[in-house]
Amino acid sequence: MGLAPPDPDRFDHDVAWRRAWTRRHSAQTEIYYGFDRYDPAAGWAVKPDLPGIEVFDHKKLTTDAHGVRGLGHAYEKTPGKKRIVVLGDSFTFGDEVGDEETYPARLQALLPKAEVINLGVHGYGHDQMLIRFNEEGVKYQPDLVLLGFIGGDMPRNRLAFRDYAKPRYELSGGALRLTNQPVPPPEAVLRAQPFRSAFLDLLALLGHRWSSHQEQTERITTAILDELAAAVKRAGAKLVLVQLPDRPDFASPSPGNAFFESYCGSRDVPCLSLYAHLDRPLVFQKEGHWDPAGHRMMAEGIRDALRKAALP
């Protein structure tokens, strides 16, 4: 293949992610985890009907017929119960914890008069969350949609390849235009890789390395969140952005925190920062996600905020 697979942590670019994935999966077709499946709309999703398989050092992963973590719910609403759909990445999906330890599952236990549906998928950007809501979330007829906002998800909105190939929105004349959909299947990516120019890949990486992308990242993220808010409104629900702490030094400023505050201050979208609801230090496990106690704190913070705002 010529060019050794670059480190995506240094080069957060399609080329780095694609070459690293191709090297790992040259003899396989799974996306990232064994419980993933290829999805032409979003790139990857979680397999349906998983019967409590062992993941994350002896934790259990169960999915329903729609690939939703936990026991799941039918699309039809239960009379007398409010519906809460939760969108997010690996923190929402629940990497490194079991089914009943995720914050959406904890929130369900704290709100017995509601139905909480966890549509989080590991590795997703806000663009894929928008697609997942339009593809699946609307089918649940939600009353409330929570988006677990992680600042680190913002750069994913610029990528057409990360954990695997993914769709990407571009701005054209101020409007969103969806590209790279349907997403090519794994075998097509593997077949095409030997014909890609290593030299052109290297030039793309170097150009990315020495360019600033924060303004572009914020523009595309703003447009995606605006479109999600509009889609949720069209579905007859209300969107709430929930800022989730994603690192131990959450008290220090970051571009993601600054963006969240700026966006919430300029839009008529309810926002909730869970930083203020932490009553003890968060414990981050070896892969960088909260332990069960952290998920419990998040669920309690969301419950308290929803009650204060009389939502849903």
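Refer to the structure printed above.
All of these numbers come straight from a predicted model, not from anything done at the bench. (Residues numbered from 1 in each chain as written. Predicted model: local features only at pLDDT ≥ 70, side-chain atom pairs only at ≥ 80, totals over all residues. Heavy atoms only, no water.)

S.K.: In this structure, what is going on with the packing of aromatic side chains? I would like to understand it.
M.R.: Two measures describe an aromatic ring pair: the distance that separates the ring centres and the angle between the ring planes. Inspection of every chain in the model, using the stated rule, returns 15 aromatic pairs. By the ring-pair criterion, three or more aromatic residues cluster together here, those being Trp 21, Tyr 38, Phe 161 and Tyr 164. When the ring centre of Phe 93 is taken as reference, the NZ or CZ atom of Arg 69 above it lies at 5.0 Å. (Phe/Tyr/Trp six-rings, centres within 6.5 Å; stacked < 30°, edge-to-face > 60°. Lys NZ or Arg CZ within 6 Å of the ring centre and 35° of its normal.)

S.K.: What is the right way to look at the layout of surface pockets in this model?
M.R.: Any empty space left between the atoms is revealed when a probe the size of a water molecule rolls over them. There is about 290 Å³ of room inside the second largest pocket. Taken together, 17 residues form the lining of the second largest pocket, with Arg 69, Gly 70, Leu 71, Ala 105 and Val 116 sitting closest to its centre. Where the lining of the second largest pocket is concerned, the elements lending two or more residues are helix 3 (103–110) and strand 6 (114–118). Ranked by residues supplied to the lining of the second largest pocket, first place goes to helix 3 with 5 residues. Classifying every residue of the lining of the second largest pocket by side-chain character gives 7 nonpolar, 6 polar and 4 charged. (1 Å grid on protein atoms, 1.4 Å probe; cavity = no way out; pocket = protein on both sides within 12 Å on 5 of 7 lines; lining within 4 Å. Points joined across faces, edges and corners; volume = space filled by probe spheres on them. Helix = DSSP H or I, 4+ residues; strand = E, 2+ residues; numbered from the N terminus. Nonpolar A, V, L, I, M, F, W, Y, C, P; charged D, E, K, R; others polar.)

S.K.: Looking at this model, I keep getting lost on the packing of helix 4 (residues 126–135) against helix 7 (residues 214–234). Mind explaining?
M.R.: Two numbers describe a pair of packed helices, the interaxial angle and the distance between the axes. Helix 7 packs onto helix 4 with a crossing angle of 15 degrees between their chain directions and a minimal axis gap of 9 Å. Put simply, helix 4 runs roughly parallel to helix 7. Note on packing geometry: the crossing formed by helix 4 with helix 7 is left-handed. For the pair formed by helix 4 and helix 7, the contact residues are His 126, Asp 127, Leu 130, Phe 133 and Asn 134 on the first element and Thr 221, Ile 224, Leu 225, Glu 227, Leu 228, Ala 231 and Val 232 on the second. (Axes fitted to C-alpha atoms, helices over the stretch in contact; angles between N-to-C directions. Parallel < 35°, antiparallel > 145°, perpendicular 65-115°, else oblique. Left-handed = near helix turned anticlockwise from the far one by under 90°. Contact = heavy atoms within 4.5 Å.)

S.K.: Before we go on, may I ask you to explain the environment of Thr 29 in this structure?
M.R.: For Thr 29, the position within the fold is in the loop between helix 1 (14–24) and strand 1 (36–39). Accessibility expressed as a relative area gives 49% for Thr 29, which makes it partly exposed. Through-space distance from the C-alpha of Thr 29 to that of Pro 185 is 8.9 Å; in sequence the pair is 156 residues apart. (Buried < 20%, exposed > 50% of the residue type's maximum accessible area, 1.4 Å probe, protein only.)

S.K.: How do you make sense of the pairing of strand 2 (residues 43–46) when you look at a structure like this?
M.R.: Each regular strand displays side chains that alternate between the two surfaces of the sheet. The pairing of strand 1 with strand 2 spans 4 bridges and is classified as antiparallel. Bridge pairing in strand 2 places Arg 37 opposite Ala 45. Joining the antiparallel neighbours strand 1 and strand 2 is a turn of 3 residues. (Pairing = 2+ DSSP bridges.)

S.K.: For this particular structure, what's the right way to read the pattern of salt bridges?
M.R.: Counted according to the given criterion, the structure contains 17 salt bridges. Across the pair Arg 168 and Asp 14 runs a salt bridge, and its minimum N-O distance is 3.2 Å. Within this pair, whereas Arg 168 is found in strand 8 (residues 168–172), its partner Asp 14 is found in helix 1, the two being separated by 154 residues in sequence. For Asp 14, a relative accessible area of 17% puts it in the buried group. (Salt bridge = Lys/Arg side-chain N within 4 Å of Asp/Glu carboxyl O.)

S.K.: Before we go on, may I ask you to explain the environment of Tyr 124 in this structure?
M.R.: Here Tyr 124 shows up in the loop between strand 6 and helix 4. The sequence separation of Tyr 124 and Ala 41 amounts to 83 residues, and the corresponding C-alpha distance is 12 Å. Those residues in contact with Tyr 124 that sit more than four places away from it in its chain are Ala 42, Trp 44, Ala 45, Gly 88, Asp 89, Met 129, Arg 132, Asp 153 and Arg 156. A distance of 2.5 Å separates the side chain of Tyr 124 from the backbone oxygen of Trp 44, its partner in a polar contact. (Polar contact = N/O pair within 3.5 Å; in protein donor to acceptor, adjacent residues only side chain to side chain.)

S.K.: Just to check I follow, could you spell out the sheet that holds strand 7 (residues 144–149) for this structure?
M.R.: Across a sheet, strands are paired by hydrogen bonds formed along the backbone, either parallel or antiparallel in direction. Taken in spatial order, the 5 strands line up as 6-5-7-10-11 in an open sheet, and their pairing is parallel. Each having just a single partner strand, strand 6 and strand 11 (271–273) make up the two edges of the open sheet. With direction set aside, neighbouring strand axes in the sheet form an average angle of 20 degrees. As judged from the 6 bridges shared by strand 7 and strand 10 (residues 238–243), these two strands associate in the parallel manner. Looking at strand 10, one finds that Phe 149 is bridged to Gln 243. This element, helix 7, spans strand 5 (82–87), strand 7 and strand 10 of the sheet and lies at about 140 degrees to strand 10. Set on the sheet, helix 9 (residues 292–308) makes contact with strand 5, strand 7, strand 10 and strand 11; between it and strand 11 the angle comes to about 140 degrees.

S.K.: Would you mind going over the side chain of Asp 89 with me for this structure?
M.R.: Along the polypeptide, Asp 89 turns up in the loop between strand 5 and helix 2 (90–93). Leaving out residues up to four positions away in the same chain, Asp 89 has contacts with Gly 120, Val 121, His 122, Gly 123, Tyr 124, Met 129, Ile 150, Asp 153 and Arg 156.

S.K.: Please explain the nonpolar core as it appears in this structure.
M.R.: A general feature of soluble globular proteins is that nonpolar side chains tend to end up buried together. By size, the foremost hydrophobic cluster in this structure holds 53 residues, and its most contacted members are Tyr 164, Leu 239 and Leu 241. Counting residues per element, this core draws most heavily on helix 7, at 7 residues. Once you skip the residues sitting within four places of it in the chain, Tyr 164 turns out to touch Trp 21, Ile 31, Tyr 38, Gly 43, Trp 44, Val 183, Pro 184, Pro 185, Pro 186 and Val 189. Counting residues in hydrophobic clusters, the runner-up holds 26 residues, among them Val 242, Leu 274, Trp 290 and Met 297. (Core = buried A, V, L, I, M, F, W, Y, C linked by side-chain atoms within 4.5 Å.)

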